[in-house]
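# Examination of the molecular architecture
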Amino acid sequence: MTRPPIIETRGLSKTFGGLVALDEVDFQVEEGSITALIGPNGAGKTTLFNCLTGIYPPTRGHIVLRRPRGAGEPPLKTALNNLRPDQVTALGLARTFQNIRLFNNLTVLENVLIGCHTRMKAGLWGALMRTRQTRAEERAMAEFSIELLEKYGLGAAANDLAKNLPYGDQRRLEIIRALATGPRLLLLDEPAAGLNIAETGALDDLIRLIRERENLSILLIEHDMNLVMSVSEKVWVMEYGRLIAAGAPEEVKNDPVVIRAYLGEE
Amino acid sequence: MELFLDLLISGLTKGSIYALIALGYTMVYGIVGLINFAHGEIYMIGAFIALIASLALSQAGLAGWGLLVSVAAAAVVYSAMYGWTVEKIAYKPLRGSSRLSPLISAIGMSIFLQNYVQLLQSPNFLTFPSLVPELGFLAPVSHIVNSTQLFIWLATALIMTALTVLIKFTRLGLSMRAVSQDPDMARLSGVNIDRVISSTFVIGSALAAVGGLLIGCYMRQIDFYIGFLAGMKAFTAAVLGGIGSIPGAVLGALVLGFAESFAAGFISSDYEDAVAFVLLIVILIARPGGLMGAAQTQKV
Amino acid sequence: MSFKPGRFDWKRELAASSLAAVWLALLAGPLALFKINTSDYSLGLRWPLLLKMAGGAFVLSAVWRRFLARRASARRAAQRGEADKPQGGRGPARTWVDMVMGARYRLQIIGLFILGLMSIPFWASPYVVHIFITALIYIALGLGLNIVVGVSGLLNLGYVAFYAIGAYTYALLNFHFGLGFWLCLPLGALTATALGLLLGFPVLRLRGDYLAIVTLGFGEIVRLVLVNTELTQGPRGIGNISPPAFFGLDLNSQVKPHLLKVLPLMSPDLDMNKALIFFIILALVILTIVAVFRLENSRLGRAWLALREDEVACQAMGINRTRAKLTAFALGATWAGLAGVVFASQVTFINPTSFGFMQSVMILSIVVLGGMGSIPGVILGALVLILLPEYLRSYDDYRMLLFGALMVLMMVLRPGGLIQSVRQVYIHRPAASTPAAPPRQEPRGT
C-alpha cells in the first residue's frame, strides 16, 4: 500500500560548471515513511538535499511539495524550485547537516528556541516593548523547547553551551532543533557519522520515536548500512548523480546493480 | 594626448607600488585569514629606514647604484625583522581565537608603530632623496617617463616574477599554498606551520619595504602617516582583485592605480582618496568575490 | 620556550630577557640611534636613548615572562582542581557583575547607582561632567555597534559614518533653519537609519571580511564628502550649535542661581546646558541598555545570534538572513545617529576631523575589548577606553603610543574581552497546564 508522496522531484538536474551532480532524478518520499537515500561518495545525495532545501536552485526539473488543506480539499502542491532556504523551512522541511552546524556559543535551549523561530510572530516592536503578547509567546516557546528537549533526552543539558556537549548529544541536539521548526518532512544528512555502535543504536530508537510521536516523514542520507536496513522502509540508491535503484531495504541490498556501484566492477 | 599619457604613466607607477604592498596583505590573509592592519606601517618603516640608510651611507661615501642597492637591502632586512616581530607579538598569541581579536590587535599595533616612528623621528614631512641614478638612454623621452618611474615598473615586474617562481617552484611556496588551503592537513603532512606563517610575514614585509623605498624616491617626501592611507588603499586593491589571490592583488592594484590617476586627472583631485572605496563597492556588488575571486560556493 | 613550574631559573630568564633587549636594540637601532636633523638632514647619534630602550626592553621582557609563567601555573592548578567537574555550564568564572545581577536587591542597587550618577552635575567640576557626557555617548555608540558586530557578527568598520550623519543633520538643520535639538533628535536618527538601509542593501551579502573593508570605505567616503562639499561647510565645520531647549528657560541665568543657593557643592562654573545634556544622554543610555537587553532575549535577538554563529544553519531555521542583517545594520545606525545629535549639542562645533577612521576603531575597540555581545562588557570597555586616556594626559606625547600598546596587550591577555557574554539561564518550573505551542506559521498565498 503506497501513500501519496509528501515530496517528489521530476527530472531534477543540477550542474556546477562542467560537473553534473544530479541527472534527471525522479524521486519521492511517501508521506509518513522513513526513507533512506544511499550511494557511494560523490553520488549527489547531499546535492539532492541541498536542492530540496533551497540552498541550490536546480538547473532543470521540478520539486513539488504536497501540503494538506482542510477536509475534503485536495492538497496544495507547491513548487520548491526557487525558494530560499528559510522559505522552504517555513513550508515544512527541516534538515540536519553532514558536518554538525549547531550554534556553538549558545545554550542547548537557545538552539532549540531558535528552531521555534517560525512558530513565533514577535518582531522588532514586540521585542522592544515587551508586550504582553510577546512575553506570553516567549514563555510558551521556552516551555515548548524544554519539553521537546526532555522528550528526546537532552532535558538535563538545557543550559549547557552547545559546544560543550559530547558528540553524540550534539547530533541529537541538531535533530531536536530541526524538530522545533514543526516540520512535516525531516531530512537527516548522515546522522550516524562519527557515532559508535551504542550511539547508533540510540539514534535508531530516536528516529523511530520521532516518526511515531511527531507524525512526520523522514528522509535520511546514510552510509551506515546496519542503520539503513534497520530503520528504513524504502531505500533509494544513487550513483554519479542518477538514481539506480529503489525499493524495500532487502531488495536493494541484494540488487546486483547496487552491489556493483559500491564495490566496483568485478 | 600628453595628459592621457601622463595619467597612464602615473597610474602604472602608483599601481606598481600598491601591488607591492597589496601582495603582503593578500598573502597573509590567504594563510592566516587576518587583515594585517599593521602592514601599512611596515611599508612606512621601510621608507624611513631607507631614508636613514641613504643619509648614513651617502656620508660614508656610497653613491649611484651601489647606494641604491645598499639602501634597499637595509630597508628590506629591517622591514622583514619588524614584520617577523609584529607577528610574534601581536598575532601568534591570538591564533585560533575569534576573527576580531587579531583585528583589534593589528589595529593597536598599527597605532603603536605610527606613533613610535613619529616620536623617534619627526611628525613632519621629511624630504627623501632621489636614489635612482639617471638612465642615459631615457634622456630623449625624459619629459614623459623618468628614470625613477621606469625603475619602479621594472623592479616591480622583477619582484612579481621572483615571487611567482617562489610560490610555484620552491618547497616553501608549496608549503605556503598547502597551509592556505588546509592548515590541519598541512601540519599532518609535516609542514612547520609556524615557520610558513613567519615566512609569509617576512616576504610580505620585504615587498612592502621595497614599496616604501620606491615611494620615497618617487614622491620625494615621506612622513609617519603614509602607511595608513597607502595601506588601506592597497588592502582595498587586494580585496578588489579577490583577497587571497596573488595575481588578483596585482590586478586590483593596477586597476586602482589607473582609476585613481584618471579620476584625479579628469574629475577632481579632492576625491582621489575616495576612488579606491567607490571602486571597491561597485566591483564587489557586481562580483562579490572580487575580480579574480573564486565563486563563493560553500560546502554545506 | 615552555614555562615549567617550580624553581625560578634565573640564568635562563637572564638569557631570554637579554636576547629580547638585544633584538629590540637591533630593531629599533636605526630609528632610535639616528635622529634625522630636519634642517640640514645630518644624522645625530642618540646612544643614551638606545641604551635606555634596550634596558626597558630587558625589564619588560623579564616582567612579562614572569607574568606568563605565573598565569600558566595558576591555570594548571585550576585545571587539576576542576578535572572532576562536569563539562558545560556558564563558561568563564563569575565576575562581580554576575553577582550584582543575581543579588536579591538587584533593582535597588541599580536604582541607587543611577541616582548616584544623576547627582554628578550637582557636585562635580565642569570638566568631570564633560568627561562623563563623552563616556556616556561612547557607551551608547558601543552598545549600538554591539548589536551589529557583537550580536550579529557583521563587521562594520565605518560605524563613525552614521555618527557623523546624526551630528551633521542636527548641525545643518540648526544652522540653516534654526531647528532645535528635540526636533532634530528623531530626524538625525532617521537620516542615519535611512543611510544604514541604503548601504545595507547592496553590501550585506558580502562575506565577512569584504563587508569590513567596504564599510571602512563607506566611512571614509562620508568623511571625504563632508570635507569637500560646500553644503557641509567643509573643513571649516559648523559652529554655534544650539543646546537643547528646556521649556523655554535660559538655564544659566534663570535656573542656576537658585540651584547654587541650595546646593553647596555645586560648581558655579558649570554650564547648565551641559548639565541638561548630561541628563539627556544618561536617560538615553539607560533606555539603550534596556532596549538592547530586551532585544538580545527576543526572537529577533536570537535570530541575530544564529546569524553570527552559523549563517547556513540560521537560514535552515526559517530565518530570512537578509532581513535580519538589514535590521541589525539599520538599528545600529539609528543609535549612532542619536548619539551624533547629542554629541553635536555637547561640543557646539563640529568638523570632519571628529569623524575619522580612528573613531570607528575606538568604538570597535570598545565592543571587542569590553566583550562582544556583553552589555556590561561594552559599558566597562567604554569607560576604560574613554577615561584611561584622560589619566594618560600627563604623558600626552606618549598617549597614543600607550593606547596602541594597550590594545595589543588587552587582546593578547584576554581575547574574549573584559567581561565575556554569559548566556541566559532558563529554569524550568512545570506549569499546571502547558499552553499549546502554536504551529509553524506557514506563508500565506503560496
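Residues numbered from 1 in each chain as written. Chains lettered and ligands numbered in written order. Predicted model: local features only at pLDDT ≥ 70, side-chain atom pairs only at ≥ 80, totals over all residues. Heavy atoms only, no water.

### Things to note about the sheet that holds strand 8 (residues 217-221) of chain A
Residue and element names in this part refer to chain A. The six strands lie next to each other as 6-7-8-3-9-10, forming an open sheet whose pairing is mixed. At either margin of the open sheet sits one strand with a lone partner, and together these are strand 6 (93-95) and strand 10 (242-247). Adjacent strand axes in the sheet meet at a mean angle of 20° when their direction is disregarded. The sheet contact formed by strand 6 and strand 7 (residues 185-189) spans three bridges and is parallel. By the bridge assignment for strand 7, Arg95 is matched with Leu187. (Pairing = 2+ DSSP bridges. Helix = DSSP H or I, 4+ residues; strand = E, 2+ residues; numbered from the N terminus. Axes fitted to C-alpha atoms, helices over the stretch in contact; angles between N-to-C directions.)

### What about the interface of chain C and chain B?
Interfaces are often sized by the accessible area lost when the parts come together. Contact with chain C, which involves 57 residues of that partner, is made by 65 residues of chain B. Broken down residue by residue, the surface that chain C buries against chain B is led by Leu31(C), Tyr41(C) and Tyr210(C), which jointly contribute 14%. The interface formed by chain C and chain B holds zero salt bridges in total. Here chain C and chain B share five residue pairs in polar contact (both at pLDDT 80 or more) between them. Elements that contribute at least two residues to the side of chain C that touches chain B include exactly helix 1 (10-33), strand 1 (34-36), helix 2 (47-81), helix 8 (208-228), helix 14 (357-370) and helix 16 (399-413) of chain C. Among the elements that make up the side of chain C that touches chain B, the one with the highest residue count is helix 8 of chain C (11 residues). The residue inventory of the side of chain C that touches chain B, partitioned by class, reads 43 nonpolar, seven polar and seven charged. (Contact = heavy atoms within 4.5 Å. Buried area = accessible area lost by both parts, 1.4 Å probe. Salt bridge = Lys/Arg side-chain N within 4 Å of Asp/Glu carboxyl O. Polar contact = N/O pair within 3.5 Å; in protein donor to acceptor, adjacent residues only side chain to side chain. Nonpolar A, V, L, I, M, F, W, Y, C, P; charged D, E, K, R; others polar.)

### What about the packing of aromatic side chains?
Applying the stated criterion to the full structure yields 25 aromatic pairs over all chains. By way of ring pairs, the aromatic residues Phe37(B), Phe224(B), Tyr225(B), Phe228(B) and Phe357(C) are connected into one cluster. Across the ring face of Phe97(A), the terminal group of Arg101(A) is positioned such that the distance to the ring centre comes to 5.6 Å. The cationic tip of Arg177(A) hangs over the ring face of Phe103(A); the distance from NZ or CZ to the ring centre is 4.6 Å. (Phe/Tyr/Trp six-rings, centres within 6.5 Å; stacked < 30°, edge-to-face > 60°. Lys NZ or Arg CZ within 6 Å of the ring centre and 35° of its normal.)

### Digging into the domain arrangement of chain A
Residues and elements named next belong to chain A. Assigned domains of chain A: these are domain 1 (1-92 + 182-266) and domain 2 (103-178). Between domain 1 and domain 2, the C-alpha centre-to-centre distance is 27 Å. Residue-level contacts link 19 residues of domain 1 with 11 residues of domain 2. Carbon and sulfur atoms make up 62% of the surface buried where domain 1 meets domain 2, a total of about 1200 Å² over both sides. At the junction of domain 1 and domain 2, the tally comes to one salt bridge. Notably, a salt bridge pairs Lys151 with Glu214, separated by 2.8 Å at the nearest N-O pair. Linking domain 1 with domain 2 are six residue pairs in polar contact (both at pLDDT 80 or more). Ranked by residue count, the leading element in the side of domain 1 that touches domain 2 is helix 7 (residues 197-214), at eight residues. The residue makeup of the side of domain 1 that touches domain 2, split by class, is 12 nonpolar, two polar and five charged. (Domains from an automatic or database assignment.)

### Quick notes on the pattern of salt bridges
The full count for this structure, using the stated rule, is 24 salt bridges over all chains. Several salt bridges converge on common partners, so that one network encompasses Glu87(B), Lys88(B), Lys92(B), Arg95(B) and Asp194(B).

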